[in-house]
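So you can see what is in the structure, the chains are spelled out below.
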Number of protein chains: 2
Amino acid sequence: MTTPLGSGREWTDPLCPVARTVDLVGDRWSLLIVRDAMDGASTFTDFQQRLGIARNILTDRLRKLVDQGILTTSTLPGGKRHTYQLTAPGQDLFTLIVALRQWGERHTFTPDEPHSTLVDHTGTPLPQLRPENHRGDPVTAETTRVRKVGEVRGPA
Amino acid sequence: MTTPLGSGREWTDPLCPVARTVDLVGDRWSLLIVRDAMDGASTFTDFQQRLGIARNILTDRLRKLVDQGILTTSTLPGGKRHTYQLTAPGQDLFTLIVALRQWGERHTFTPDEPHSTLVDHTGTPLPQLRPENHRGDPVTAETTRVRKVGEVRGPA
């Protein structure tokens with residue numbers, strides 16, 4: 001078993017998986033860097049041009065993402081330039097990025113307003129990602145419950 | 001049609017739905033406030049006790065979430081205390097919160113480490129949320145592509 005990400009760090013809320021994820025990637029630039037890495041950005045210049053972000057902030061966020069095991073870095077031949085690639089846990093943030101994208105599509109655009117679109121290999125947009133229970137029924141915050149650590153197991 | 005959230009504001013990256021969502025909720029405290037609102041928190045004190053957050057930061061984030069249409073606030077009889085409820089777009093962040101939770105479970109905990117769990121009405125944990133294409137095949141960043149605005153439509 002590999003060591004989990006963030007081992008040894010102080011978590012905001014150690015028993016909650018939502019909070020641990022937010023501690024690692026819950027800021028706007030980190031999320032947008034992960035988005036761009038999934039879309040092919042790999043050099044400092046790639047990220048800088050896409051994000052229009054101050055160099056010192058980008059340097060800081062890239063270093064944190066590497067330290068946290070979301071990105072890995074390697075040096076190009078010549079030794080001057082680094083490239084950044086998503087690690088396996090970083091690639092697995094795809095579900096989160098899709099959830100951010102689809103909520104934005106549903107709630108922040110008018111129907112006729114243009115926006116980028118995530119498409120599969122046939123050029124077809126992805127269907128909406130929706131949480132379901134083990135029977136395949138759609139669920140919401142109202143029909144689910146967070147079972148806390150130490151709580152007696154039981155229905156929602 | 002209702003007005004989309006964030007209408008009239010300056011977006012970091014206006015053509016990208018991921019970036020618009022991140023502009024509205026992409027900071028650690030906003031995401032954790034939404035998490036707690038889904039889990040029944042509704043008063044300032046509820047949020048303060050669960051988050052252990054400084055009062056001025058909580059006040060700021062609650063106000064922003066109300067301004068952005070994620071939360072709505074109402075005054076309790078007596079006029080002193082406010083309660084906060086998720087709006088319909090706020091409730092629809094459930095998919096995003098589930099994605100944050102499940103990634104955290106997969107990558108930030110050891111197998112024997114305790115954490116809270118999202119369960120359905122029978123007490124059964126939710127299955128993993130995974131993006132699929134319209135045929136129901138699992139997809140990743142590698143097998144999808146972001147089609148930019150203005151680009152000729154075509155396969156990934």
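Undergrad: Honestly, the overall build of chain A in this entry has me stumped. Any pointers?
TA: Scanning chain A from N- to C-terminus turns up six helices and four strands. Reading chain A from its N terminus to its C terminus gives the helix and strand order α-α-α-α-β-β-α-α-β-β. Overall, chain A is about 60 × 45 × 25 Å in size when its C-alpha atoms are taken along their principal axes. Each of the 156 residues in chain A was classed as buried or not, and the buried ones make up 49%. In chain A, 38% of the contacts between residues at least 6 apart in sequence involve partners at least 24 apart. Only carbon and sulfur atoms are counted for the fraction: they give 51% of the accessible area of chain A, which is about 7500 Å². Of note, chain A has its 19 positive side-chain charges centred 5 Å away from the centre of its 18 negative side-chain charges.

Undergrad: How should helix α1 (residues 17–25) of chain A be read in this particular structure?
TA: For an α-helix, the turn length of 3.6 residues means that residues three or four places apart are oriented alike. Counting buried positions over the nine residues of α1(A) gives nine, a clear majority of the element. Every buried residue of α1(A) is accounted for by A:Pro17, A:Val18, A:Ala19, A:Arg20, A:Thr21, A:Val22, A:Asp23, A:Leu24 and A:Val25. Tucked inside the fold, the buried residues of α1(A) contact α2 (28–38), α4 (55–67) and α6 (94–107) of chain A together with α2 (28–38) and α6 (94–107) of chain B.

Undergrad: What should I look at first to understand the packing of α2(A) against helix α3 (residues 44–51) of chain A in this one?
TA: For any two helices packed against each other, the geometry is given by the interaxial angle and the distance between the axes. Residues and elements named next belong to chain A. One can describe the packing of α2 onto α3 by two numbers: an axis separation of 10 Å at closest approach and a directional angle of 115°. The element α2 and its partner α3 pack so that their crossing is right-handed. On α3, the residues that touch Trp29, Leu32, Ile33, Arg35, Asp36 and Ala37 of α2 are Phe47, Arg50 and Leu51. When its residues are assigned to classes, the contact of α2 with α3 shows six nonpolar, no polar and three charged.

Undergrad: What is the right way to read the packing of aromatic side chains from this model?
TA: The relative placement of two aromatic rings is captured by the distance of their centres and the angle of their planes. Counted by the stated rule, this structure contains two aromatic pairs over all chains. Ring geometry for B:Phe47 versus B:Tyr84: centroids 6.3 Å apart, planes at 75°, classification edge-to-face. Of this pair, B:Phe47 sits in helix α3 (residues 44–51) while B:Tyr84 sits in strand β2 (residues 82–86), and the two are 37 residues apart along the sequence. Overall, the relative accessible area of 13% leaves B:Tyr84 in the buried class. In this arrangement the basic side chain of A:Arg9 is found over the ring face of A:Trp11, its NZ or CZ atom lying 5.3 Å from the centre.

Undergrad: I keep staring at the side chain of A:Ser116 and nothing clicks. Help me out?
TA: Along the polypeptide, A:Ser116 turns up in the loop between α6 and β3 (117–120). Residue A:Ser116 is classed as buried on the basis of its relative accessible area, which comes to 5%. Those residues in contact with A:Ser116, other than ones at most four positions away along the chain, are A:Arg101, A:Glu105, B:Leu15, B:Cys16, B:Pro17, B:Val146, B:Arg147, B:Lys148 and B:Val149.

Undergrad: I'm lost on the interface of chain B and chain A in this one. Help?
TA: A common way to express how large an interface is: the accessible area buried when the components associate. Each partner contributes to the interface: chain B provides 83 residues, whereas chain A provides 83 residues. When the two sides are added together, the surface that chain B and chain A hide from each other amounts to roughly 7600 Å², 64% of it contributed by carbon and sulfur. Linking chain B to chain A there are 12 salt bridges. Our count for the chain B to chain A interface comes out at 38 residue pairs in polar contact (both at pLDDT 80 or more). With 13 residues, the single largest contributor to the side of chain B that touches chain A is α6(B). In the side of chain B that touches chain A, the residues fall into 41 nonpolar, 22 polar and 20 charged.

Undergrad: How should the relation of the copies chain B and chain A be read in this particular structure?
TA: With an RMSD of 0.0 Å, chain B superimposes on chain A once it is rotated by 180° and translated 0.0 Å along the axis. Such a combination of rotation and displacement between the chain copies is what one expects of a two-fold axis. By C-alpha distance to the rotation axis, the residue of chain B lying nearest is B:Asp27, at 2.4 Å. By residue overlap, the copies meet face to face through one surface: 100% of the interface positions of chain B are interface positions in chain A.

Conventions and cut-offs
- Residues numbered from 1 in each chain as written.
- Chains lettered and ligands numbered in written order.
- Predicted model: local features only at pLDDT ≥ 70, side-chain atom pairs only at ≥ 80, totals over all residues.
- Heavy atoms only, no water.
- Helix = DSSP H or I, 4+ residues; strand = E, 2+ residues; numbered from the N terminus.
- Buried < 20%, exposed > 50% of the residue type's maximum accessible area, 1.4 Å probe, protein only.
- Contact = heavy atoms within 4.5 Å.
- Areas by Shrake-Rupley, 256 points an atom, 1.4 Å probe, with all protein chains shown as cover.
- Lys, Arg positive; Asp, Glu negative; His and termini not counted.
- Charge placed at Lys NZ, Arg CZ, Asp CG, Glu CD.
- Axes fitted to C-alpha atoms, helices over the stretch in contact; angles between N-to-C directions.
- Left-handed = near helix turned anticlockwise from the far one by under 90°.
- Nonpolar A, V, L, I, M, F, W, Y, C, P; charged D, E, K, R; others polar.
- Phe/Tyr/Trp six-rings, centres within 6.5 Å; stacked < 30°, edge-to-face > 60°.
- Lys NZ or Arg CZ within 6 Å of the ring centre and 35° of its normal.
- Buried area = accessible area lost by both parts, 1.4 Å probe.
- Salt bridge = Lys/Arg side-chain N within 4 Å of Asp/Glu carboxyl O.
- Polar contact = N/O pair within 3.5 Å; in protein donor to acceptor, adjacent residues only side chain to side chain.
- Least-squares fit on C-alpha atoms with pLDDT ≥ 70 in both.

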